[in-house]
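Report on the structure
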Amino acid sequence: MNFIFSIMAYYPDHAGGAWMYANGLAEELVKQGHKVDVIVPRQDDKLTDNSTLNGVTIHRLPPHNKINSNFFEKWSHDNKELVRFIKDQPFDKDSVFINHQAYMGKGFLKWKGPRTAAIFHGPWDEEFLLAKSLKTQPTLKKVILRGAAKWMRGVEKKSLSHAKTIFTASNYAANKFLQTHPRIDHPIVNISAGTDYERFKKVEIHQTNNFKEKFKIDSDHFLIGSVRRLDKRMGLDMLIDGFNIACKSFTNLRLIIAGKGPQFSELKEKIDKLNLSKKATLAGFISDADLATFYSSCDLTVMPSIDLEGFGLSTIESLGCGTPVIASNSGANLETVSPLDENLIFEKGNAQDIAKKIIQFVSGEKPMPSEESCRQYALHSFSWKKSAQKLVSHFLS
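Computed from a predicted structure; not experimentally measured. (Residues numbered from 1 in each chain as written. Predicted model: local features only at pLDDT ≥ 70, side-chain atom pairs only at ≥ 80, totals over all residues. Heavy atoms only, no water.)

Some words on the sheet that holds strand β10 (residues 253–258)
Strand order across the open sheet formed by six strands is β11-β10-β9-β12-β13-β14, with parallel pairing between neighbours. In this open sheet, the two strands that pair with only one neighbour each are β11 (280–284) and β14 (345–346). Across three bridges, strand β12 (residues 300–303) lies against strand β13 (residues 325–328) in parallel orientation. Its bridge partner lying in β13, threonine 301 is registered against valine 325. Across the sheet, helix α10 (residues 288–297) lies against β9 (222–227), β10 and β12, angled at about 140° from β9, the strand it touches most. (Pairing = 2+ DSSP bridges. Helix = DSSP H or I, 4+ residues; strand = E, 2+ residues; numbered from the N terminus. Contact = heavy atoms within 4.5 Å. Axes fitted to C-alpha atoms, helices over the stretch in contact; angles between N-to-C directions.)

Considering the pairing of strand β7 (residues 165–168)
The alternating pattern of β7 places Thr165 and Phe167 on one face and Ile166 and Thr168 on the opposite face, and all of these are buried. Bridge count between strand β6 (residues 116–119) and β7: three bridges; the pairing is parallel. Bridging from a neighbouring strand, alanine 118 pairs with isoleucine 166 of β7. Regarding the hand of the β-α-β motif, the stretch spanning β7, helix α6 (residues 171–180) and strand β8 (residues 188–190) is right-handed. (Buried < 20%, exposed > 50% of the residue type's maximum accessible area, 1.4 Å probe, protein only. Right-handed = clockwise from strand over helix to strand, strands pointing away.)

Re a nonpolar patch on the surface
Taken together, the side chains of Leu140, Val143 and Ile144 present a nonpolar region at the surface, about 320 Å² in accessible area. Along the chain, leucine 140 falls in helix α5 (residues 139–162). (Patch = residues over 30% accessible without salt bridge, like charges linked within 9 Å, V, L, I, M, F, W, Y side chains within 5 Å. Areas by Shrake-Rupley, 256 points an atom, 1.4 Å probe, with all protein chains shown as cover. Salt bridge = Lys/Arg side-chain N within 4 Å of Asp/Glu carboxyl O.)

Concerning the environment of glutamate 27
Within the fold, glutamate 27 resides in helix α1 (residues 17–31). In sequence terms glutamate 27 and tryptophan 384 are 357 residues apart; their C-alpha atoms lie 9.0 Å from each other. At a separation of 3.0 Å, a polar atom in the side chain of glutamate 27 contacts the side chain of asparagine 54. (Polar contact = N/O pair within 3.5 Å; in protein donor to acceptor, adjacent residues only side chain to side chain.)

Focus on the packing of helix α7 (residues 205–214) against α10
Close contact between α7 and α10 brings their axes to 9 Å; oriented N to C, the two are set at 85°. Taken together, the axes of α7 and α10 lie roughly perpendicular to each other. Along its contact with α7, which presents Gln207, Thr208, Phe211 and Lys212, the element α10 presents Thr293, Phe294, Ser296 and Ser297. When its residues are assigned to classes, the contact of α7 with α10 shows two nonpolar, five polar and one charged. (Parallel < 35°, antiparallel > 145°, perpendicular 65-115°, else oblique. Nonpolar A, V, L, I, M, F, W, Y, C, P; charged D, E, K, R; others polar.)

A short note on the packing of helix α4 (residues 124–131) against α5
Packing of α4 against α5 leaves a shortest axis separation of 8 Å and a crossing angle of 155°. In this view, α4 runs roughly antiparallel relative to α5, as classed from their interaxial angle. For the element pair α4 and α5, the recorded crossing hand is right-handed. Residue-level inspection shows Trp124, Asp125, Glu126, Phe128 and Leu129 of α4 in contact with α5, the latter providing Leu145, Arg146, Ala148, Ala149, Trp151, Met152, Arg153, Val155 and Glu156. Taken together, the residues that form the contact of α4 with α5 break down as nine nonpolar, no polar and five charged. (Left-handed = near helix turned anticlockwise from the far one by under 90°.)

Side note on the pairing of β13
Residues Val325 and Ala327 of β13 are buried on one face, and the alternating residues Ile326 and Ser328, pointing to the opposite face, are buried as well. For the segment spanning β12, helix α11 (residues 313–320) and β13, crossover handedness is right-handed. Sheet topology note: the β13/β14 ladder contains two bridges and is parallel. Bridge pairing in β14 places serine 328 opposite phenylalanine 346.

A closer look at the state of the cysteines
Two cysteines form a disulfide when their sulfur atoms are joined by a covalent bond. In this structure the tally under the stated criterion is zero disulfides. With no disulfide of its own, cysteine 298 lies 9.6 Å from the sulfur of cysteine 321, the closest cysteine sulfur. On the basis of relative accessible area, cysteine 298 is assigned to the buried category, the value being 5%. Cysteine 321 provides the cysteine sulfur closest to cysteine 374, a residue in no disulfide bond, and the two sulfurs are 11 Å apart. (Disulfide = S-S within 2.5 Å.)

Here we look at the packing of aromatic side chains
Tallying each qualifying case throughout the model produces 21 aromatic pairs. Ring geometry for tryptophan 124 against tryptophan 151: centres 5.8 Å apart, planes inclined by 55°, an arrangement best described as tilted. Here tryptophan 124, found in helix α4, pairs with tryptophan 151, found in helix α5; they are 27 residues apart in sequence, far enough to count as distant. Residue tryptophan 124 is classed as buried on the basis of its relative accessible area of 14%. These aromatic residues form a ring-pair network of at least three members: Phe71, Phe72, Trp75, Tyr103, Trp124 and Trp151. Taking NZ or CZ as reference, lysine 93 lies 4.3 Å from the ring centre of tryptophan 111, over its face. (Phe/Tyr/Trp six-rings, centres within 6.5 Å; stacked < 30°, edge-to-face > 60°. Lys NZ or Arg CZ within 6 Å of the ring centre and 35° of its normal.)

A closer look at the sheet that holds β6
In a beta sheet, neighbouring strands are held together by backbone hydrogen bonds and run either parallel or antiparallel to one another. The sheet built from eight strands is open, its strands ordered β3-β4-β2-β1-β5-β6-β7-β8 with mixed pairing. Only two strands of the sheet have a single partner each, and these edge strands are β3 (50–53) and β8. Each adjacent strand pair in this sheet contributes to an overall mean axis angle of 25°, direction not counted. One ladder, built from three bridges, connects strand β5 (residues 96–99) with β6; its direction is parallel. Note on β6: the bridge partner recorded for asparagine 99 is alanine 118. Contacts from helix α2 (residues 71–88) reach β1 (2–6), β2 (35–41), β4 (56–61) and β5, with the element oriented near 125° to β4. Together, β7 and β8 form the strand contacts of α6, whose direction differs from that of β8 by roughly 160°.

Encoded structure:
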């Protein structure tokens, strides 16, 4: 079977949950004998127009090189290039065309083949407004942002309507789709994410020792980690507050937050204001090659999402390395974490509850899931192989 993916960005060109989801699904489809073409805007001049990665053919569209162009100009350019590329390529019209994000939705509308689908990770407009911290903006800026969000909702609705099937990574995302687009009456199929469990597994002790030495983590320290985009909806400010409360009970706690994003300065200021600079670190981007070492070095990782958590790949990456995860009761966290142990869930946006969970596990009041149980749970629950088979079966039925 031939598959065509259109998407705003693709891993490993760019890091991000949606891009990694597309990559994992595409590479597993190839392993199972299918052909996959990925069409994506080229956002880095160092990247070639075409390449093959683990059997997946990547087509990078010409970039928008206009100086000082705005978002809408770039969006229009990228979608026009997608339309042009579709017309120029001899794609089999019986191919399955899957649009992975509303951003490329206008170009997706021009595909006339009978088998179309769209991935819905979450509402584009709501994610946008959360990222912009709408409530804190002045009145005029709020009007402008709401106008942009309304446009996003319209683009998303049209692209989703063009699809014959909606795929989601979780039941939460499926329910969010029904709430956001109640008039789109398409089949919804849950295609869960997976990860590479050969890469995400417990690393050798000398690797964790080197990591801990780099970040000045002593043998008696209890290390808490979080891998997140530094964005308001990720709840990292609440994590820092909860960590600060827990430090009053245990002086050996340490926190490392890995990731980049617009909230860096705000989080750094909070850490400094709370006098946590010797205990809490914003590590910035940690390379894919070092992620398994990071998870393996942690005693516990945290998913403190406030809203719109469509899946949370870092959860299963951590579990694959044998490291337990505590998570907020937001979005898909309830699906990915609570089946392992309901005690791992805390109330979203509640620093006191985060602190309570940390203290319970550090003190031994609540036993943490073992390294083996974490890994086995992830292996059996979240598999790219099973998800790709489910996707293919949908189109064969």
